[in-house]
Structure formats: C-alpha cells, structure tokens
Amino acid sequence: MDPVQITAAAALVAVIIAAIGLAATAIYRIGKLTEATNRFPQEMKAGFQGIHVEIQGVHDRIGQSENLAEERFRRHEEMIRHNEELIRSDGARTRDQIRNLHQAIMSHSHDEDGNIIFRIPPPEPDE
C-alpha cells in the first residue's frame, strides 16, 4: 500500500470513528431526553400533590376561621343578651328607686318650723 492509500484509509477510519462518536453522543442525549420525558409525568404528579396539600391546608384554615368566627359571634350574642338583662334589671331597680323617692316626696310635708312630717301610709300617686 502506498502512502496515499494509507492516508485515505486512515482518514476513512477517522471519519467512521467520528461518525460513531457523534452517533453515540446523539443516542446518549436522546436517552437523557427520553428519561427526562418519562420522569416529567411523575414530577408533575408530585407537584400537583404538593399543590393539593397546600390547597387542603388553606381549606382547613378557612374552616377553622369560620368556626372561630361562629364561636365569636355566638359569644357576642350571649354578651348582648346578658347586657340586655342587666339593662332591664337596672331599669327595674331604677324605676323602684324613683317610685320610692316619689313616695317619700309625696308622704312628707313640713311644719311651720321646717321640720319634716311623714304620713303613713303614704298617699296614693293620685292624691
């Protein structure tokens, strides 16, 4: 074999090795893409599960907030009813005190020296 043929054969072998290297690189990259593509649904599923867990947590917190709001509303209603009862009882007590004061005013008089004279029983409110 002469040197030109040896050089041509070496060049051909180099081209074949380069082609095999490029093919191997392409196959490797296609394999990596295929692997990533196959993992994608699993990763999406895991991501959706994480989102679902977060949404469930938010839903639970909303439920707790609603329960807390209902409890506070119930306590406020109880406080309002209690205050209304206190107001009614204070009103009744105030009316009794006014009635007693009115009876005290109606059941006394003053003599000429300014001394207080009480009448028993006190007169009726009409008198």
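Residues numbered from 1 in each chain as written. Predicted model: local features only at pLDDT ≥ 70, side-chain atom pairs only at ≥ 80, totals over all residues. Heavy atoms only, no water.

J.: Would you mind going over the overall build of the protein chain with me for this structure?
T.: Scanning the protein chain from N- to C-terminus turns up one helix and two strands. N-terminal to C-terminal, the α/β element order of the protein chain is α-β-β. The C-alpha atoms of the protein chain give 51 Å as radius of gyration, which overshoots the globular expectation for 127 residues (14 Å, by more than 25%). Along the longest, intermediate and shortest principal axes, the C-alpha atoms of the protein chain span 165 × 25 × 15 Å. Evaluated residue by residue, the protein chain yields a buried proportion of 2% over its 127 residues. As presented, the protein chain carries roughly 11400 Å² of accessible surface, and 63% of it is formed by carbon and sulfur atoms. (Helix = DSSP H or I, 4+ residues; strand = E, 2+ residues; numbered from the N terminus. Rg over C-alpha atoms; globule rule 2.2 N^0.38 Å. Buried < 20%, exposed > 50% of the residue type's maximum accessible area, 1.4 Å probe, protein only. Areas by Shrake-Rupley, 256 points an atom, 1.4 Å probe, with all protein chains shown as cover.)

J.: Explain a nonpolar patch on the surface here, please?
T.: Taken together, the side chains of Phe40, Met44, Phe48, Ile51 and Ile55 define a hydrophobic patch exposed on the protein surface, amounting to about 520 Å² of accessible area. Note that Met44 resides in helix 1 (residues 3-106). On the accessibility criterion, Met44 (35% relative accessible area) is partly exposed. (Patch = residues over 30% accessible without salt bridge, like charges linked within 9 Å, V, L, I, M, F, W, Y side chains within 5 Å. Salt bridge = Lys/Arg side-chain N within 4 Å of Asp/Glu carboxyl O.)

J.: In this structure, what is going on with the environment of Thr25? I would like to understand it.
T.: Inspection of the secondary structure assignment puts Thr25 in helix 1. Using a relative accessible area of 38% as the deciding quantity, one classes Thr25 as partly exposed. A polar contact of 2.8 Å, which involves the side chain of Thr25, links it to the backbone oxygen of Gly21. (Polar contact = N/O pair within 3.5 Å; in protein donor to acceptor, adjacent residues only side chain to side chain.)

J.: Please explain helix 1 as it appears in this structure.
T.: Each α-helix winds once per 3.6 residues, and so residues spaced three or four apart point in a common direction. Helix length check: helix 1, at 104 residues, gives a terminal C-alpha distance of 148 Å against a target of 154 Å (1.5 Å per residue), a fit within 8%. Residue Phe40 marks the point of greatest curvature in helix 1, where the axis turns by about 30°; the proline Pro41 follows within four residues. (Expected span 1.5 Å × (residues − 1). Bend = angle between axes of the 7 residues up to and from the residue.)

J.: Would you mind going over the pattern of salt bridges with me for this structure?
T.: A side chain with one charge may pair with a side chain of the opposite charge, provided their charged atoms come close. For the structure on display, the rule yields seven salt bridges. With a shortest N-O distance of 2.2 Å, Glu71 and Arg74 are connected by a salt bridge. Note that Glu71 and Arg74 are positioned in helix 1 at a spacing of three residues, about one turn of the helix. Owing to a relative accessible area of 36%, Arg74 belongs among the partly exposed residues under this scheme. Taking the shortest distance from any N to any O, the salt bridge between Arg93 and Asp90 comes out at 2.4 Å.

J.: Where do I start with the confidence of the model for the protein chain in this structure?
T.: The predicted structure's coordinates, where accompanied by low pLDDT, should not be read in detail. Mean pLDDT over the protein chain works out to 88, with 94% of the residues at or above the 70 mark. For the protein chain, strand 2 (residues 116-118) is the element with the lowest average pLDDT, namely 78, and helix 1 is the one with the highest, namely 92. (pLDDT = per-residue confidence, 0-100.)

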